[in-house]
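The residues making up each chain are set out below.
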Amino acid sequence: MSTTNQALADWVKQVAELTQPDQIYWCDGSEAEDQKFNQMLLDDGSYKQLNSETHPNCYLHLSDSQDVARVEHLTFICTQKEVDAGPNNHWMDPAAAHDKIDALFAGCMKGRTMYVIPYCMGPIDSPIARCGVEITDSAYVVQNMRLMTRMGQAALSRIEQEGGFVKGLHSTGELDPNRRFIMHFPEELSIKSFGSGYGGNALLGKKCHALRIASYQAKTEGWLAEHMLILGIKTPAGKQHYVAAAFPSACGKTNLAMLIPPEGYLKDGWEISTVGDDICWMRPGEDGRLWAINPEAGFFGVAPGTAKETNPNALAMLYQDTIFTNVAETADGQPWWEGLDDRTPQTDWQGRPYDPANGPAAHPNSRFTVSAKRCPSYSAESESATGVPIDAIIFGGRRASLVPLVTEARSWDHGVLMGATVASETTAAATGAVGVVRRDPMAMKPFCGYHFGDYWGHWVGMKNQANKLPKVFTVNWFRKDEKGQFMWPGFGENMRVLEWIIGRCDNQLGANETAIGLLPSSQDINTKDLGMDLSVLDELLKVDKSAWKDEVTSVEGFLRNYGSRVPGELFRELKEIDDQLS
Ligand code: SAT
Ligand code: MN
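Residues numbered from 1 in each chain as written. Chains lettered and ligands numbered in written order. Predicted model: local features only at pLDDT ≥ 70, side-chain atom pairs only at ≥ 80, totals over all residues.

Looking at an unreviewed UniProt entry, the chain carries the name Phosphoenolpyruvate carboxykinase [GTP], with the source organism given as Marinicella litoralis. As recorded by UniProt, the Catalytic activity (unreviewed entry) comment attached to the chain reads in full: "oxaloacetate + GTP = phosphoenolpyruvate + GDP + CO2". The annotation that UniProt attaches to the chain under Subunit (unreviewed entry) is "Monomer." (UniProt positions renumbered as here; feature names shortened; annotations may be inferred.)

Trainee: Hey, could you run me through the domain arrangement of the chain in this one?
Mentor: Often the size quoted for an interface is simply the accessible area lost on bringing the parts together. Parsing the chain into structural domains produces domain 1 (6-47 + 69-222), domain 2 (226-297 + 383-509) and domain 3 (298-374). Inter-centroid distance (C-alpha atoms) of domain 1 to domain 3 is 27 Å. Listed per partner, the contact involves seven residues of domain 1 and eight residues of domain 3. The dominant element in the side of domain 1 that touches domain 3, judged by the number of residues it contributes, is helix α5 (residues 139-148), at four residues. Along the lines of polarity and charge, the residues of the side of domain 1 that touches domain 3 split into three nonpolar, three polar and one charged. (Domains from an automatic or database assignment. Contact = placed C-beta atoms within 7 Å. Helix = DSSP H or I, 4+ residues; strand = E, 2+ residues; numbered from the N terminus. Nonpolar A, V, L, I, M, F, W, Y, C, P; charged D, E, K, R; others polar.)

Trainee: What is the right way to read unusual backbone geometry from this model?
Mentor: Backbone geometry follows two general trends: most residues other than glycine have a negative phi, and most peptide bonds adopt the trans configuration. In this structure, Asn326 is a non-glycine residue whose phi angle is positive, near 65°. Considering the arrangement of structural elements, one finds Asn326 in the loop between β19 (323-325) and β20 (328-329). One non-glycine residue, Asn507, adopts positive backbone phi at about 55°.

Trainee: Sorry if this is basic, but what is going on with the packing of helix α16 (residues 545-560) against helix α17 (residues 568-581) here?
Mentor: Between two packed helices, the angle of one axis relative to the other and the distance separating the axes together describe the packing. Look at α16 against α17: their axes get within 10 Å of each other, and the N-to-C directions meet at 160°. Classed by the angle they form, the pair α16 and α17 counts as roughly antiparallel. The handedness of the crossing between α16 and α17 is left-handed. Taking contact as the criterion, the partners of Lys545, Trp548, Lys549, Val552, Val555, Glu556 and Leu559 in α16 are, on α17, Leu570, Phe571, Leu574, Ile577, Asp578 and Leu581. Residues that form the contact of α16 with α17 fall into these classes: nine nonpolar, no polar and four charged. (Axes fitted to C-alpha atoms, helices over the stretch in contact; angles between N-to-C directions. Parallel < 35°, antiparallel > 145°, perpendicular 65-115°, else oblique. Left-handed = near helix turned anticlockwise from the far one by under 90°.)

Trainee: How should I be thinking about the environment of Glu188 in this particular structure?
Mentor: As for its placement among the helices and strands, Glu188 is situated in the loop between β10 (181-185) and β11 (190-194). Taking the C-alpha atoms as reference points, Glu188 and Pro94, 94 residues apart in sequence, are found 9.6 Å from one another.

Trainee: It is not clear to me how the environment of Gly205 should be interpreted in this structure. Could you clarify?
Mentor: Mapped onto the elements, Gly205 comes out in helix α8 (residues 205-221). Taking the C-beta count within 10 Å as the criterion, Gly205 has 30 such neighbours and is therefore assigned buried. In the structure, Gly205 is positioned 60 residues away from Met145 in sequence and 7.6 Å away in space, judged by C-alpha atoms. Residues within four places of Gly205 in sequence aside, it is in contact with Tyr119, Met121, Gly132, Glu134, Met145, Met148, Thr149 and Ala210. (Buried ≥ 20, exposed ≤ 12 C-beta atoms within 10 Å, placed from the backbone.)

Trainee: Any chance you could explain the UniProt feature "binding site: GTP" (unreviewed entry) in the chain here in plain terms?
Mentor: With numbering aligned to this structure, UniProt lists the feature "binding site: GTP" (unreviewed entry) at Ala250, Cys251, Gly252, Lys253, Thr254, Asn255, Arg367, Arg398, Phe491, Gly492, Glu493 and Asn494. Maximum C-alpha separation among the annotated residues is 26.1 Å over a sequence range of 245 residues, too wide for a single clustered spot. By secondary structure assignment, the location of Arg367 is in strand β22 (residues 367-371). According to the C-beta neighbour criterion, Arg367 is buried, with 27 such atoms within 10 Å. Residues within four places of Arg367 in sequence aside, it is in contact with Gly199, Phe300, Gly301, Val302, Ala303, Thr325 and Asn326. C-beta crowding within 10 Å serves as the criterion here: with 19 such atoms nearby, Glu493 is assigned to the partly exposed category. Ignoring anything within four residues of it in the chain, the contact list for Glu493 reads Pro262 and Leu530.

Trainee: Explanation requested: the UniProt feature "binding site: substrate" (unreviewed entry) in the chain in the structure shown.
Mentor: UniProt marks Arg70, Tyr198, Gly199, Gly200, Ser249, Asn365, Ser366 and Arg367 with the feature "binding site: substrate" (unreviewed entry), using the numbering shown here. According to the C-beta neighbour criterion, Tyr198 is buried, with 22 such atoms within 10 Å. Apart from residues lying up to four places away in sequence, Tyr198 is in contact with Ser63, Asp67, Val68, Ala69 and Arg70. Inspection of the secondary structure assignment puts Gly199 in helix α7 (residues 199-202). Looking at Gly199, the number of C-beta atoms within 10 Å reads 21, which means it is buried. The residues contacting Gly199, other than those within four sequence positions of it, are Asn144, Lys206, Phe300 and Arg367.

This is the structure we're talking about:
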C-alpha cells in the first residue's frame, strides 16, 4: 500500500530515514489483518489467549511494570510562545523538543517493523470528524487503535480527499521512564511520543489528538473538543435528548455513560443510550444548536470495579473481542479484577502467582479495550454523520460538602464559570492530605492543549456562534453526612437528576433562584420508589451561604492564577454570586 497524498508519503519516508525500521507496513483495517496481528502478538508473547469458551477472541497483555499510566510530568505542549501553553501545561520550545525527542527516535526501529495507521476520529463520513496518521513500532498499539478509531483504508481515502491530517509518531523505545516524553506541537498539528506503550501515551488518537491537539484546532476553527461522555435519554413520550458530561477521574463517568435507570423508569418507558464515554466534539449547527460526535469507536475503560452491580452494560461487552491489559487471570484462563466477583485469581497483573501480600491482583489502572458496538446500550446515532444535538452540558465533581446535588446555570457565561471552577476533594485513596479541593476545569486539566484563560475565553465566545446553546448544570453525587456516609445513592438513581435536567430543558419542571444558580426543590425531583428520607434530599439541595462565601474567595484566587487571559465574564459572574450571597 502507498498513498497519493504527497505530504503523507514524504513524512513516512522521512520518519523511516530517522528511525530505520526493517520494514514499513501500511494498515488497511481488514478482518484478515486483525487476525494476522493477533497471531503475531500471540507468537511473540505480547498476548496471552484467554479462555476461548468463556471469552472468545479475548487477549491478555501484561505491560512493563513501570509503564501503566499517563505521565503528566513528561507530557509537553510545545508552542512557539511559552505563554500560549499556559500555566496549566508543561512547555518546551518546539525546536528544542524536536531535537530532544528525535535523538531518541534515531535508529530506534532497527530490526523492527514500522506500522503506518491512517485513522479517523469520528464517523468516516462526518464533517465533524478529523483524521490523523499514527506511525508506531508497536503491534499492540495497532490492535488498540483498530478498536478505538476507524482505521485503515477508509481513513486513508478520506485523508487523500481532504489533504490535511494530524501526524503522530510513536515508539515504545526501551520503556525506560528516564527516556520517555509525550510531546505535542499544536501549531504543527503533530505529536511525538517515545518510551511508553500505555494507552494515553501511545494510542495517539485518544488524549493526544482528540483532546490536546483537537482543543487547539477547535479554538481556531470555532468548535469544542471536550473530555465528556455523551448520553442519550428518551422520555416515555418518545422525545429524544442528549447530554454531554465532564467529570474528573474516579467520578463514575463510564458508569453514567452506560446508566441503567431504576425499575420504575424502565416500566414507564424511559430509555438510555450511550454515544460515548470519554470524548465529545461539538460544533454549532445551522439551527444554532451544538451537534456532537464521539470521535472514538471503542472504550478504553478501567477494569477494577466493573461488575454486574456497578455497570452491567460494561461487563456484558467484555466477553468477546476484547484486549485486557494488566488484569489478573483465573486458573481457567478468565480475566479477573478486584470488584468483579469473589473468585480468587491464579496469577496477578505481573504474571506472578497471586499473593495478596503483593497488592491488588489487577493493576488499579488495568484496562479493557473493546469496540463500542459491543456495548448493549450503544446508540445507533453514534454512527450518524451529523452527530447528535446536545440539550444539556453537565459538569461534575466530588465534593463531600457544599456543592448541591444539582444546580442549573443562570446563563451560558455562568455555566462557563461553573465548568472552569469545578472541583474534587482528595480522598483517602491517594497519598497526601484528605479533603483538599483540587479544581479541574471542564475535567480538562491534563488535556487542554493551550492556555486555560484562552480556553475559557473560547467557551464564553461560543455564545456568539450558536444561539441555541445547551443549558449548563453542575452535579455532585458525592455529598457525605456527619457520619461520613454518602447521602445520595448514585448509580442508576442519578436518573432522577437527569429527569430534572431534561425537564428544565423542556421548560416543564420548576426551579428556585438562588445566589449560586437554579436549584430544584425536593418536590421537583421524582422520588417515587427512591426510599430516601426527604429531609436528606432537602439537605442536598440547600445553599449554605457562609460556606459559599468562602468558595467564592477560593474561586477568585484560582482564576487569578491564570492572569490577564481569563475572560472578564467569569469575574462578572463570580461577582454576581458574591453580591447575591451578601
Ligand atoms: O490515560 S488514558 O487516556 O489512556 C485513559 C483515561 O485517562 O481516560
Ligand atoms: Mn478520560
